[in-house]
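Summary of the model geometry
Residues per chain are reported as follows:
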Amino acid sequence: MKDRIWKSVGLLIILTMLFAGLAACGPTPEPEVVVQTVVVEKEVEGETITVIETVEVEVTTQVEKEVVVTATPAPTSKVITFAWTQEPDYLNPYYTNMWFSTVLHQLYSCWAWEYDDENAAFPKLITEMPTMGNGGLSEDGTVITLNLRDDLVWSDGTPLTADDFVFTYEMIVNPANTVASVYPYDMLDSVEATDPQTVVMTFAEPFASWQANFWRGILPKHVMQPIFDAEGTIDEADSSLLGVGCGPYVVDTWESGSYIRLVKSPNYWLGEPKIEEIFFQFVPDDASQTASMIAGTADVGTFPPLSDVPTLEAGGLEIMVQSSGYAEGIFFNFGFGGSPAAADVNVRQAVAMAIDRDAINEDLLLGLTSAPETLWDPLEGGFWVSPEIEPWQYDPEAAKALLEDAGWIDTDDDGIREKDGERLSMVYGTTIREIRQDAQAVIQQMLRDVGIEVQIPSWDADLFFASYADGSPCALGEVDMMEWSDSTLFPDPDHYYWNCSELPNDESPWGANYFGCDEELDALFVEQLSIIDPEERAAVFHEITKIIHDKVYWLGMWDDPDYWIVSPRLTGVKFSGVSPLYNIMEWDVTE
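These remarks concern the structure in this document. (Residues numbered from 1 in each chain as written. Predicted model: local features only at pLDDT ≥ 70, side-chain atom pairs only at ≥ 80, totals over all residues. Heavy atoms only, no water.)

Attention now moves to the overall build of the protein. Helix and strand content of the protein: 15 helices and 24 strands. Each of the 591 residues in the protein was classed as buried or not, and the buried ones make up 54%. Partitioning the contacts of the protein with sequence separation of at least 6, the portion at a separation of at least 24 is 67%. Roughly 24,500 Å² of accessible area belongs to the protein as shown, and the carbon and sulfur atoms make up 50% of that amount. (Helix = DSSP H or I, 4+ residues; strand = E, 2+ residues; numbered from the N terminus. Buried < 20%, exposed > 50% of the residue type's maximum accessible area, 1.4 Å probe, protein only. Contact = heavy atoms within 4.5 Å. Areas by Shrake-Rupley, 256 points an atom, 1.4 Å probe, with all protein chains shown as cover.)

All right, on to the nonpolar core then. Counting 126 residues, the largest nonpolar core has W215, F280, W376, W498, W564 and W587 as its most contacted members. Broken down by element, this core gets its largest block of residues, 7 residues, from helix 4 (residues 162-173). Formed by 46 residues, the second largest nonpolar core is a distinct cluster that contains I330, A342, L424 and I452. (Core = buried A, V, L, I, M, F, W, Y, C linked by side-chain atoms within 4.5 Å.)

Looking now at the state of the cysteines. Tallied over the full model, the rule gives 2 disulfides. The disulfide partner of C500 is C517, and the S-S distance across this bridge is 2.0 Å. Taking the torsion about the sulfur-sulfur bond, which here is approximately 85°, the covalent link between C500 and C517 counts as right-handed. With a gap of 17 residues between them, C500 in the loop between strand 20 (481-486) and helix 14 (519-529) and C517 in the loop between strand 20 and helix 14 connect regions that are remote in the sequence. Residue classification places C500 among the buried residues on the basis of a relative accessible area of 19%. If one numbers only the bonded cysteines of the protein, in the order they occur, the disulfide pattern is 1-2, 3-4. (Disulfide = S-S within 2.5 Å.)

Locating G415 in the fold gives a position in the loop between helix 11 (396-405) and strand 15 (418-419). What makes G415 partly exposed here is its relative accessible area of 33%. Put simply, G415 and I452 are 37 residues apart on the chain and 8.2 Å apart in space, counted from C-alpha to C-alpha. Beyond its immediate chain neighbours, meaning those up to four positions away, G415 contacts D410, R448 and G451.

Following the sequence through the fold, E277 ends up in strand 11 (residues 277-282). Note on E277: relative accessible area 17%, which makes it buried. E277 has contacts with K78, V79, I80, R261, L262 and V263, leaving out every residue within four places of it along the chain.

What follows deals with the packing of helix 9 (residues 345-354) against helix 11. Packing of helix 9 against helix 11 brings their axes to within 8 Å, and their N-to-C directions diverge by 165°. Between helix 9 and helix 11, the interaxial angle falls into the category roughly antiparallel. Crossing of helix 9 over helix 11 shows left-handed handedness. Taking contact as the criterion, the partners of N346, V347, Q349, A350, M353 and A354 in helix 9 are, on helix 11, P396, A398, A399, L402 and L403. Its residues assigned to classes, the contact of helix 9 with helix 11 comprises 9 nonpolar, 2 polar and no charged. (Axes fitted to C-alpha atoms, helices over the stretch in contact; angles between N-to-C directions. Parallel < 35°, antiparallel > 145°, perpendicular 65-115°, else oblique. Left-handed = near helix turned anticlockwise from the far one by under 90°. Nonpolar A, V, L, I, M, F, W, Y, C, P; charged D, E, K, R; others polar.)

To continue, consider helix 9. Buried residues dominate helix 9, accounting for 7 of its 10 residues. Residues of helix 9 that are buried include every one of V347, R348, A350, V351, A352, M353 and A354, and no others. Where helix 9 begins, the side chain of D344 points an oxygen toward the backbone nitrogen of N346, at a separation of 2.8 Å. (Polar contact = N/O pair within 3.5 Å; in protein donor to acceptor, adjacent residues only side chain to side chain.)

On to the side chain of S487. Checked against the element boundaries, S487 lands in the loop between strand 20 and helix 14. Here S487 falls in the buried class, since its relative accessible area comes to 8%. Residue contacts for S487: discarding those within four places in its chain leaves S324, G325, Y326, L375 and H495.

On to the environment of L463. The topology assignment puts L463 in helix 13 (residues 461-464). Among the residues examined, L463 registers a relative accessible area of 32% and is labelled partly exposed. Sequence separation of L463 and D89 is 374 residues, and the distance between their C-alpha atoms is 9.2 Å. Beyond its immediate chain neighbours, meaning those up to four positions away, L463 contacts D470, G471, S472 and P473.

Enumeration over the complete set of coordinates arrives at 19 salt bridges. With a closest N to O distance of 3.0 Å, K124 and E114 form a salt bridge. You can see K124 sitting in the loop between strand 5 (121-123) and strand 6 (143-147) and its partner E114 sitting in strand 4 (residues 113-115), a full 10 residues away along the chain. With a relative accessible area of 12%, K124 lands in the buried category. Across the salt bridge formed by R417 and E404, the nearest N and O atoms sit 2.7 Å from each other. Placement of the pair is R417 in the loop between helix 11 and strand 15 and E404 in helix 11, with a sequence separation of 13 residues. Given the relative accessible area of 7%, R417 is considered buried. Taken together, the salt bridges that share partners define one network made up of D252, R261 and E277. (Salt bridge = Lys/Arg side-chain N within 4 Å of Asp/Glu carboxyl O.)

Evaluation of the coordinates by the stated rule reveals 51 aromatic pairs. Judged by centre distance (5.2 Å) and plane angle (75°), the rings of F464 and F465 are edge-to-face. (Phe/Tyr/Trp six-rings, centres within 6.5 Å; stacked < 30°, edge-to-face > 60°.)

Looking along the chain, the bond that leaves Y183 and enters P184 is cis, with omega of 5°. Each neighbour pair has its own omega, and for F490 with P491 the value is 5°, a cis peptide bond. A positive phi angle is found at L366, which is not glycine, with a value near 60°. Within the fold, L366 resides in the loop between helix 10 (357-364) and helix 11. Relative accessible area serves as the criterion here: at 41%, L366 is assigned to the partly exposed category. Positive phi, close to 50°, is recorded for V552, a residue that is not glycine. Turning to its location among the elements, V552 is positioned in the loop between helix 15 (534-550) and strand 21 (554-559). The class for V552 is buried, based on a relative accessible area of 0%.

The next point concerns the pairing of strand 8 (residues 198-203). Most of strand 8 sits out of view: 5 of its 6 residues are buried. Looking at chain direction, strand 6 and strand 8 are connected through 5 bridges and run antiparallel. Looking across to strand 8, one finds that T145 is bridged to V200. Relative to strand 8, strand 7 (residues 188-195) is paired through 6 bridges, and the arrangement is antiparallel. Bridging from a neighbouring strand, D195 pairs with T198 of strand 8. (Pairing = 2+ DSSP bridges.)

All we've got here are geometric facts, nothing functional implied.
Here is the structure:
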């Protein structure tokens, strides 16, 4: 990176000497401003970070005596930089569940429909949203017809057609490809291209949550089919998406550990975006993100520590909040190779009573958040949450009594309980994000106070959120309590994490259920999918939420809407909670 800067400086020295030698031949030269984009290293609050900057270089040019020239500055290069605290793991949208990867989809990939800043769906690749009224949804709810626009093309000029949809479906459900999950595509009986602009999806039964589930990214058949034919899989074909996409931008460069650079697509079918280049600069932690935003070396950041919000606002930055259905919580491994302690419902309930969630929200998050009781709490109006749920209250004495009654007793007076020769010890893991590690330390002490020993490892996000095939400790069943922020298939209440069919193994490494199989819960999740009437479907979700809450399969820590940090130099910015960068075409830069 430094070589690029020195080459520019050397060129300026040569030009300066040349123009100095010619100065005697004419009048005083007029300066011209040249705009260059360079990658540099800077010291920000004692920390060296790599940034991308637009700089103006003044160059003096010689003119003839008889000619009068008025220099015109070159137009400002419209380049923006995101400070990204986690490096994405895949470009292929079906190989990742990582938020920091999926946010990029609206830039280089494309969804059949997206969601606006009110989290309402609108057609993108299709001409209209399918309904029974327009014939897109059959009366029995088992057939969905998508009518594609006739002007869709990939960035290389190849038409995007219904065949790409069929190919995408085939790649997801093919067991040779270890995608993150085959759900919900495994619910389909078939996907057909009846003509280049028509896709017909057929189900055995109605599928209530189709709008929140399907076609979140389309794969280019003309690029990936030859790879699949040659290799028998597309597992290693991620790099084939460099330079090829169906969004307003294409991924031009990915420097692992440093940045991703996107440039405008030469053939985007909706026109030309105002921003020319977008950099996602990887910063090591929240503190680095805050420093970059305040220093002006980044234009957009997200998920700042709430304790940094006053500092960011004082620095002239705007904090934009968007509901996205997310909540931070602890998932429990109750039957996927975890410890006997985590498998005991009495222990999980004792944990829920031993953690002072209100104190954590007050002390670590400045009282700006509160603890949700279910993963469905962020959905509008609590429509899907059982009214019979009684929130878990902080009561360490009740937690101790419950453990005693369940046979977990400290027989050797070392402060940790035992039962049947098993020590009451669990592994509580999360990412290296600072707020989560702070919560780990606090919770470790709270649980020790009631006789529960907790180990608190943390991992880089790319490993923690990896798949079974890639060795994620969660996916391998090595973690009893695992903390991250998640949502339902927002804005729909559907979820697949607890489906028994999602348990990963060597034969089916794509599963997302790292927790266990509860057959009653599994049956309810399957039942709700075929219920079209909202009231009837909500009644099933009342049972689902009550089971997950009472058995403590998930324990809410704090509400987690999307917090975006936005530079004042950006205009036209809006965010969606589902497809965050949906209006990137309208973003612009003012200097």
